[in-house]
Amino acid sequence: MGDKANAHPGAAGRATAADHPASVRNVVLVGHSGSGKTTLVEALALTAGAVNRAGRVEDGGTVSDYDEIEHRQQRSVQLSLVPVEWDGIKVNLLDTPGYADFVGELRAGLRAADAALFVVSASDGVDGSTRMVWEECAAVGMPRAIVVTHLEAARANYEEMTRICADAFGGDDPDAVLPLYLPLHGPQGPDGHAPVTGLIGLLSQKLFDYSSGERKDSEPGEDQLPLIEEARNRLIEGIIAESEDETLMDRYLGGEQVDVKTLIEDLERAVARGTFFPVLAAAPAADGARQGLGTVEVLELITRGFPTPLEREAPGVTTIDGKPRELKPCDPDGPLVAEVVKTASDPYVGRVSMVRVFSGTLRPDETVHVSGHGLADRGHEDHDVDEKIGALSAPFGKQQRTLSHAIAGDLACVAKLSRAETGDTLSAKDDPLLMEPWQMPDPLLPLAIQAHSKADEDKLSQGLARLVAEDPTMRLEQNQATHQVVLWCLGEAHADVALERLRSRYGVQVDVVPHKVSLRETFASRSAGRGRHVKQSGGHGQYAICEIEVEPLPGGSGIEFVDKVVGGAVPRQFIPSVEKGVRAQAAKGVAAGHPLVDIRVTLLDGKAHSVDSSDAAFQTAGALALREAAADVKIHLLEPVAEVSVLVGDEYVGPVMSDLSGRRGRVLGTEQTSGGRTVIKAEVPEIEIGRYAIDLRSMSHGTARFSRRYARHEPMPQQIAERIREEARAAS
């Protein structure tokens, strides 16, 4: 790693196709919005020689933030791949958005990567959402390291930040999260702030000076070594504690000097195993400089400490019919298994799929089998098709560099897969396989939309289908009860990006309308009605009379129709006509225009005419009878109630429970979980939780999650029901 104090390796630049999995590192950058992930990617690309000049997020000139939306918002909104080469190793840097609305892009990056760099701002600290992602990585044993940025901020304190990281990420073992370097400060400026100009390696005890714009190594002065002694000893003890050599700690405590080379080798193994998490510092290069502070050290950590794809356990693989399939880890000569981790549309190329190859070798112009399963509830139908892939390329921001192949362990972009969606598996057409899907968050913010004009209406269906194909965290619903088109999103920023892409990418202008929940009606008590439809106007008339009784049924019973006519008062051929008329009126509603449910309608009596009675006449009479019965009884307006489960930190339990009660919710109970969190279970009317995804995030500072599922319909409070009826009357 950086403590080896070697010079610039020279073999640097934009990466091409890898020839062996051992020469690949897949690294995802994780951190809250504004922590400096994109700036760090830019600095690493500059140090590696992949770019000649580092761009700035504020200017829209970075490699990874190339989308027009990202330029306008000055933040990442999608997963981006920037491959560079360092010391003969291809490093695939996966830049992810830090804003919670785009956690689907983060999940895709975690799926594609073998290790994670957690980027933490020295001026902002560690937020709750970053801690949660750390725990997710810990659960699957993903190797991690921490990079502290924004050291130039006036209130930045690197030493304090390392302690915060140890507390936040160390869990029961804070000595597993320790710095490898300490910063060197230059002269104080007029504001009293001393800029960081270099680093001192705690293991090698060498100085790495970046003040000239490129790293220069030197020996420390005698007055500098005592300043690092305490941190150095703690780091050595932390590394030895993770060593596979159980005698090393005893020898060290006995006074034996452990060789630096041995320490570095143990450090690299511990990092690759995911049991030790080094803390580094980095900053962008100054104007005209070739290397940013700490970027050489970060690249050396990635290439020497992070695992190769060969060391990662691949996700489960099955045949299409669900039988498990064992594969050799990351074998370029094995059966082809690749996964689409991102889908995008290019105005010139069409659909472009970013894939991670887990087995075999992907080549251009070959026919592959595309399998997608398990997301039918989000508008992604299960599919199994053969498709011929187009060109294979390595993306570098928005640029595409042609590749001859992509081996197991590598990432590449594939053109012209018209049916492939994010999460799909690519495999050989004669040996179709399916990868276990990764977990995606449920979109819980509804966005009801309608086409702005007739021209937009013609393009809306195709535009929405493409949008949902690109983003598995978005769900498309055609609500038959409310007759609305609803896009379910993760938050307001997610929804804004979806609308902007519909407009700019697919040329569809839509209007956002208030989201409606599926209300229903039912009888509060027993009632009777008489339907009389008699018209005589010369010639063939209309004659039908029926008498019915209506009684309420338990929730979920639907509509029952019972025939108790005696003596042929209503001819047998017209009894189905009465039922049809009743059901048609029930579908339209009898009070506020919502479907009528959970009733039993009993046909008791009626009259018919030998000439003028007809199917249509008795349908009308049935509808009239139901309306008359409804006019003489109280009609309950039923609202959908959802079962809600909220996972929240213990410190927010009180506010969350109070908020749920304010939404007419009934708290059913709480359950303690690990990590100082509590699960709150409640039942809440759906009309009250339309924006709960946004409100809960605000209440918990982004650390809480919730899920919901439909429970039942139940009567709405009278005052709310009356307000909705008034609104319905005003609209009619």
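Residues numbered from 1 in each chain as written. Predicted model: local features only at pLDDT ≥ 70, side-chain atom pairs only at ≥ 80, totals over all residues. Heavy atoms only, no water.

Visitor: Would you mind going over the sheet that holds strand 31 (residues 542-552) in detail, with residue names and values included?
Guide: Read from one edge of the open sheet, four strands run 30-31-33-32, paired in mixed fashion. The open sheet terminates on both sides in strands that have one partner only, identified here as strand 30 (527-535) and strand 32 (559-563). Strand after strand, the sheet turns through a mean of 25 degrees between neighbouring axes, direction not considered. Along the sheet face, helix 12 (residues 575-588) touches strand 31, strand 32 and strand 33 (599-608) and points at about 155 degrees away from the line of strand 32. (Pairing = 2+ DSSP bridges. Helix = DSSP H or I, 4+ residues; strand = E, 2+ residues; numbered from the N terminus. Axes fitted to C-alpha atoms, helices over the stretch in contact; angles between N-to-C directions. Contact = heavy atoms within 4.5 Å.)

Visitor: Mind laying out the pattern of salt bridges, listing which residues take part and the relevant values?
Guide: Overall, the coordinates contain 45 salt bridges when judged by the stated rule. The partner of Asp114 in a salt bridge is Arg312, and the shortest N-O contact between them spans 3.4 Å. On the criterion of sequence distance, the pair formed by Asp114 in the loop between helix 3 (103-112) and strand 5 (115-121) and Arg312 in the loop between helix 9 (295-305) and strand 13 (317-319) is long-range, its members being 198 residues apart. Judged by its relative accessible area of 5%, Asp114 is buried. (Salt bridge = Lys/Arg side-chain N within 4 Å of Asp/Glu carboxyl O. Buried < 20%, exposed > 50% of the residue type's maximum accessible area, 1.4 Å probe, protein only.)

Visitor: Kindly report on the packing of aromatic side chains, identifying the contributing residues and their values.
Guide: This model, assessed by the stated rule, comprises eight aromatic pairs. Ring geometry for Phe118 and Phe169: centres 5.9 Å apart, planes at 55 degrees, overall tilted. With a gap of 51 residues between them, Phe118 in strand 5 and Phe169 in helix 5 (residues 158-169) connect regions that are remote in the sequence. With respect to class, Phe118 is no different from Phe169; both count as buried. An aromatic cluster of three or more residues is present, and its members are Phe118, Trp134, Phe169 and Phe277. (Phe/Tyr/Trp six-rings, centres within 6.5 Å; stacked < 30°, edge-to-face > 60°.)

Visitor: Could you give an account of the nonpolar core, with specific residues and numbers?
Guide: Membership of the largest hydrophobic core comes to 104 residues, with the highest contact counts inside it found for Val84, Leu93, Leu94, Leu117, Ile146, Phe169 and Phe306. In this structure, Val565, Phe574, Ile599 and Leu626 belong to the second largest nonpolar core, which totals 28 residues. (Core = buried A, V, L, I, M, F, W, Y, C linked by side-chain atoms within 4.5 Å.)

Visitor: Just give me the short version of the packing of helix 10 (residues 454-470) against helix 11 (residues 492-504), but keep the residues and values in it.
Guide: Between helix 10 and helix 11, the shortest axis-to-axis distance is 10 Å and the interhelical angle comes to 130 degrees. Of the possible angle classes, the one that applies to helix 10 and helix 11 is oblique. For the crossing formed where helix 10 meets helix 11, the hand is right-handed. Residues Gly463, Leu464 and Leu467 of helix 10 lie in contact with helix 11, whose contacting residues are Ala498, Arg501 and Leu502. A per-class count over the contact of helix 10 with helix 11 returns four nonpolar, one polar and one charged. (Parallel < 35°, antiparallel > 145°, perpendicular 65-115°, else oblique. Left-handed = near helix turned anticlockwise from the far one by under 90°. Nonpolar A, V, L, I, M, F, W, Y, C, P; charged D, E, K, R; others polar.)

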